[in-house]
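In case you want the letters, here they are:
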Amino acid sequence: MTAKPPVRSTSFFTGAWRVFGMSIGEMLWSRRTIFMALIVGSPVLVALVARIVQSAGIAPLRVNGVQVDAVSMFGAMIWILFLSFIVPVLGVFYGTSLIADEVDDKTITYLFTRPVRRGAVVVGKYMAYLLCTTLVVLPSVMIVYFLMVPFGQIPASFISLVIDLGVLGLGLAAYGALFAFVGAALRRPLIIGLVFVFGWELVTLLLPGYLKHFTIAYYLQPLVPHAMPTGDTVSLLQGALFREPPSVAMSLGCLALAIVASLVLAVRVVEQREYILEQ
Amino acid sequence: MTKQTRLFLGVASGILVLGLGTGLVAAYVGGFQNLTLIGGDGPAELAFVPADSHVVAYADIRDVMGSEVRRKLSAFQQGANDGAADFKEKTGIDLETDIDYVVASATGMGDPTHGEPPLVLAKGRFDEVRIEGLIRDQGGVVEDYKGSRLLVSDEKNLALVFLEPGLVAIGGAAAVRKSIDTKAGGANIKGNGDVMRLVRDIDDGDAWVVARFDALTGGKLPAEVASQLPAINWFSAKGFVNSGVEGQVRVETRDDAAAKNLQDVVRGFMALGRLQSGQHPEIAEFLNSVQLSGDGKTVSLSFSLPPEMIDALGALRAQRARPRTTPVAPKPDGSPAL
């Protein structure tokens, strides 16, 4: 028997796969997981309470005196809790931390001295993020759905659930990729990410003009099968006058482009940038 | 990957697969909603309604008549009960207590060549002899149709038959005959999957209606309006009447894109309505209660008329109904009277 020669360098995808295997456990059992469990667990708790209240014969949700049916309540939760809050927040917190945390913890040197390409580190970590968040968010949506929607209404609303799961997965992928790039390229990526999600996206979506094209939400919203919950007069009017939703094909195309472009940019930045660790 | 991580990934994937599998089976089987054990299947009288009906409606007359809203409306409208009293005198039917509920249906309403009255099935307590006598007095004739005594008034293009004890069918002669045929073994509306799917969703209301949209409008919408409306296939509505009125209007469009267009149209109208309602707090309250929702091809609009608003509308009506007195200009002293 002859001993195998030591492997000096692995292919990009093998390297990414190894980083993925190492990162998934780190990501799942980090302190951030408590935060993720809290924000993903809250809709489940709300749905559970709604179910208990409903089984007692009381309408769980009334808006201005109108009883809201179960499927509409579920739709509102998808819009308000998942799409507008949980998905962007997870994208910002996890996406920006993929590289930035390694820099802050001064552990990036250990990753970069391994026999894998630097870009593979980003891709591997991104894949770990995607699996980790997807396998936390989507089961949560599934539990909320089965808690809220009566059994008899499942056949009529099931296709919408499948689309919801797809849209949320796509949202996690898009926000994660964008903020992986932001985390790799900029200092203080978390603040920039929060400003983007809760400032830029909210404002530009309500304004006339082309600025909304530079958001993720603009392309995600037309894919949601549920009607957008009605807000106050101003938002209704703005929505009615200035809302020009892109087609489904355009939305899917632009989101795919955003994911690929962000990842390619993140890989290029990480491969070219010189990270100087503060002593 | 640690054992702990593998366990987490397995459990999370399991929840996803289990949920998707359950939903998929439910959707594939055609829906558990088709089982009458889960969810209502509409009133039993739907067995008399032909399968090709374009409009089906139901009203729980006892609930509506006994509601506070109805009492208030009667109080606002002086003389509203005169017609009911006259009807009771002629037929012996007290609308408030003798009719439990009615089911109405229509076929071919969209076709202008059909001007026949719809079929109305009323469940309650009726004095059959008195009603038959009344129809005979007005020139009606009795004919036997497949063992049923059909009372036909050609003059009014109406027919009436007591299908079962406490169940009367009234409507155009052809429609009433068809209801007898339907019960005898013809295809009834319960076999119409599109209609029953909608009926099951709304049959908890005090009153509801399911209709094919083109049948409902009867092609009478102005061309300009019709061309601007997204393609709507089905319309349904339900209402709950108690101290106030709660309602839900739901339409099913041809595709998801049409539903999104309709949502935008409705949003626009809601915004304009809210802008216009600044001077009228009671209307603003109503518009604030209007909630738009939707799922796939479905667009729903829910609203609530609280008791206070019904009071306000009643007061408004009473104010308008009050005879206007034109002030008489004082005559100058000594002027000759005309």
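One numbering rule holds for all chains: residues counted from 1, following each sequence as written. Working convention: letters from A go to chains and numbers from 1 go to ligands, in the order in which they are written. The model is predicted, so local features are restricted to residues of pLDDT at least 70 and side-chain atom pairs to those at 80 or more, both for listing and for counting; the totals for chains, interfaces and linings are taken over all residues.

Bringing the overall build of chain B into the picture now. Segments assigned H or I by DSSP are reported as helices when at least four residues long, segments assigned E as strands when at least two residues long, and all are numbered from the N terminus. Within chain B one finds twelve helices and twelve strands. The 338 residues of chain B split such that 32% are buried. Any residue pair is listed as a contact if its two C-beta atoms, each placed from the backbone, are within 7 Å. The long-range share in chain B, meaning contacts at least 24 apart out of those at least 6 apart in sequence, stands at 64%. The exposure scheme places C-beta atoms from the backbone and then counts, for each residue, the other C-beta atoms within 10 Å of its own, assigning buried at 20 or more, exposed at 12 or fewer, and partly exposed in between.

As a further point, take the overall build of chain A. Along chain A, the regular secondary structure elements total ten helices and two strands. The N-to-C order of helical and strand elements in chain A reads α-α-β-β-α-α-α-α-α-α-α-α. Expressed as a percentage of the 279 residues in chain A, the buried residues total 47%.

Let's shift gears to the packing of helix α6 (residues 154–185) of chain A against helix α7 (residues 189–206) of chain A. Residues and elements named next belong to chain A. All axes are obtained by fitting lines to C-alpha atoms, using only the stretch in contact for helices, and the reported angles, taken between N-to-C directions, cover 0 to 180 degrees. The geometry of α6 relative to α7 is characterised by a closest axis approach of 9 Å and an angle of 145° between their N-to-C directions. The interaxial crossing formed by α6 with α7 has right-handed handedness. Here Phe-179, Val-182 and Gly-183 of α6 lie close against α7, whose contacting residues are Pro-189, Ile-192 and Gly-193. Residue composition of the contact of α6 with α7, by class: four nonpolar, two polar and no charged. Definitions for this section: a left-handed crossing has its near helix turned counterclockwise from the far helix by less than a right angle. A right-handed crossing has that turn clockwise. Here the term charged refers only to Asp, Glu, Lys and Arg, the term nonpolar to Ala, Val, Leu, Ile, Met, Phe, Trp, Tyr, Cys and Pro, and the term polar to all other amino acids, Gly among them.

This next bit is on the confidence of the model for chain B. All names here are of chain B. Along the chain, pLDDT gives the predictor's confidence residue by residue, from 0 to 100. Model confidence for chain B is summarised by a mean pLDDT of 78, while 83% of its residues fall at 70 or above. Mean pLDDT across the secondary structure elements of chain B bottoms out at helix α9 (residues 223–228), with 69, and peaks at strand β1 (residues 55–59), with 91. A low-confidence stretch, residues 334–338 stays under pLDDT 50, and its non-local contacts, those more than four residues away or across chains, total zero contacts. Both confidence scores are given for the complex: pTM 0.66, ipTM 0.80.

Okay, the pairing of strand β11 (residues 291–295) of chain B next. Consecutive side chains along a regular strand alternate between the two faces of the sheet. All names here are of chain B. β11 sits mainly inside the fold: five of its five residues count as buried. Burial along β11 is two-sided: Gln-291, Ser-293 and Asp-295 and Leu-292 and Gly-294, pointing in opposite directions, are all buried. Strand pairing is assigned whenever DSSP identifies at least 2 bridges connecting the two strands. Bridge count for β11 against strand β12 (residues 298–305) is five bridges, and the pairing is antiparallel. Note on β12: the bridge partner recorded for Asp-295 is Thr-298. Connecting the antiparallel pair β11 and β12 is a turn made up of two residues, with Gly-296 showing a positive phi of about 65°.

Next up on the list: the sheet that holds strand β10 (residues 245–253) of chain B. All names here are of chain B. With antiparallel pairing, the twelve strands of this open sheet are ordered in space as β4-β5-β6-β7-β3-β2-β1-β8-β9-β10-β12-β11. Looking at the sheet topology across the chains shown, the edges are occupied by β4 (141–145) and β11. Ignoring strand direction, the axes of neighbouring strands in this sheet form an average angle of 15°. In this sheet, strand β2 (residues 99–106) lies alongside β1 in antiparallel orientation, the contact comprising five bridges. Each bridged residue has a counterpart across the sheet, and for Ala-59 the counterpart in β2 is Val-102. Sheet strands in contact with helix α6 (residues 173–183) are β3 (119–124), β4, β5 (148–153), β6 (158–164) and β7 (167–171), and its direction is about 20° off that of β6. Contacts between helix α7 (residues 193–202) and the sheet are confined to β1, β8 (207–212) and β9 (232–241), with β9 contributing the most and set at about 25° to the helix.

Looking now at the nonpolar core. Core membership is restricted to buried Ala, Val, Leu, Ile, Met, Phe, Trp, Tyr and Cys residues, and these are joined into a nonpolar core through C-beta atoms within 7 Å. With 84 residues, the main nonpolar core has Phe-74, Val-122, Met-148, Ala-174, Ala-177 and Ala-180 of chain A as its most contacted residues. Of all elements in the fold, only α1 (12–28), α2 (31–55), α3 (70–104), α5 (118–148), α6, α7, α8 (217–220) and α10 (248–272) of chain A reach the threshold of two or more residues within this core. The contacts of Met-148 of chain A, once residues within four sequence positions are left out, are Ala-47, Ala-50, Arg-51, Ala-70, Met-73 and Phe-74 of chain A. With 59 residues, the next largest nonpolar core counts Ala-227 and Met-228 of chain A together with Ala-104 and Ala-122 of chain B among its residues.

Residue and element names in this part refer to chain B. Positionally, Ser-289 belongs in helix α11 (residues 281–289). With 21 C-beta atoms counted inside 10 Å, the residue Ser-289 sits in the buried group. Residues Ser-289 and Ser-304, 15 residues apart in the sequence, show an inter-C-alpha distance of 5.7 Å.

Taking 1.5 Å of rise per residue, the 26 residues of helix α1 (residues 3–28) of chain B would be expected to cover 38 Å, and the 36 Å separating its terminal C-alpha atoms lies within 8% of that figure. Of all the positions in α1 of chain B, only Ala-12, Gly-19 and Gly-23 of chain B are classed as buried. In this structure, the buried residues of α1 of chain B make contact with α5 and α6 of chain A. Helices are assigned an expected span. That span is 1.5 Å times one less than the residue count.

Looking now at the packing of α2 of chain A against α3 of chain A. Residue and element names in this part refer to chain A. Contact geometry for α2 and α3: axes closest at 11 Å, N-to-C directions at 175°. Between α2 and α3, the interaxial angle falls into the category roughly antiparallel. Here α2 contributes Arg-32, Met-36, Ile-39, Val-40, Pro-43 and Ala-50 to the contact with α3, which in turn contributes Met-73, Met-77, Leu-81, Ile-86, Val-89, Leu-90, Phe-93 and Tyr-94. Across the contact of α2 with α3, the residue classes break down as 13 nonpolar, no polar and one charged. Note on angle classes: values under 35 degrees are labelled roughly parallel, values over 145 roughly antiparallel, values of 65 to 115 roughly perpendicular, and the remainder oblique.

A few words now on the pairing of β8 of chain B. All names here are of chain B. Of all six residues in β8, five are buried; the element is thus mostly enclosed. Where β1 and β8 come together, five bridges link them in antiparallel fashion. What sits directly across from Ala-59, in β8, is Ala-207. Where β8 meets β9, six bridges bridge the pair, whose relative direction is antiparallel. Following the sheet pairing, Val-209 is matched in β9 by Ala-237.

The phi dihedral of Arg-188 of chain A falls on the positive side, at around 50°, and the residue is not glycine. For Arg-188 of chain A, the position within the fold is in the loop between α6 and α7. Positive phi is not limited to glycine here, since Lys-146 of chain B has a value of about 50°. Along the chain, Lys-146 of chain B falls in the loop between β4 and β5.

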